[in-house]
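Listed below, chain by chain, are the residues.
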Amino acid sequence: MIDKYPKTCNLCGGAVVYTSNAVIYGQEYGSGRCYLCTKCGAFVGTHKPRPKEALGLLASPRMRKGKRLCHELFDPFWRGKPKAQKKRRDLYLWLSKQLSIPWEDCHFGYFDLERLREAYRILLNIQGREMRYDSGGMIYFV
Ligand SMILES: [Zn+2]
């Protein structure tokens, strides 16, 4: 599991401060807070209803890009679809099995660069394919 209250950076070991995210965005956005590495500048946002709780690992620009690219491939399978939240949950479960990781750890914000790359390759492989449910309620792609 990831540290939801990081004190040291998962990328460089530098000291992490809990601060206003205006230092990143120029104005406060979302929860208004973030965890920021004072050494390498990696950061992570926090939950809006629980502003002390980090959303994932501190991320570098490459990790943020990887996360965005993964979402671009992943989200169209559920977003705006009937039963979107169920589909989203089931897709994360499917992805966790592809990655051989526990379902509760399967969030793009929890992934390091290597796992983001692995997830991206898996998601590329299902582009243009159709998502279906088998009789056991599990997702597969045709
Ligand atoms: Zn750092």
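Details of the structure are given in the entry above.
Reading the values: rules and limits
Residues numbered from 1 in each chain as written. Predicted model: local features only at pLDDT ≥ 70, side-chain atom pairs only at ≥ 80, totals over all residues. Heavy atoms only, no water. Pairing = 2+ DSSP bridges. Helix = DSSP H or I, 4+ residues; strand = E, 2+ residues; numbered from the N terminus. Axes fitted to C-alpha atoms, helices over the stretch in contact; angles between N-to-C directions. Contact = heavy atoms within 4.5 Å.

S.K.: Go over the sheet that holds strand E3 (residues 43-45), please, and point to the residues and values.
M.R.: Judged by pairing direction, the sheet is antiparallel, and its three strands sit side by side in the order E1-E2-E3 without closing on themselves. The sheet terminates laterally at strand E1 (16-20) and E3, the two strands that pair on one side only. Strand-to-strand twist in this sheet, taken as the mean axis angle between neighbours without regard to direction, amounts to 25°. Note that E1 and strand E2 (residues 33-37) share five bridges and pair antiparallel. Along E2, the bridge assignment pairs Val16 with Cys37.

S.K.: Now, about the side chain of Asn21: what can you tell me, with residues and values included?
M.R.: Tracing the sequence through the fold places Asn21 in the loop between E1 and helix H1 (22-25). With residues near it in sequence (within four places) discarded, Asn21 still touches Gly26, Gln27, Glu28, Tyr29, Gly32, Arg33 and Cys34.

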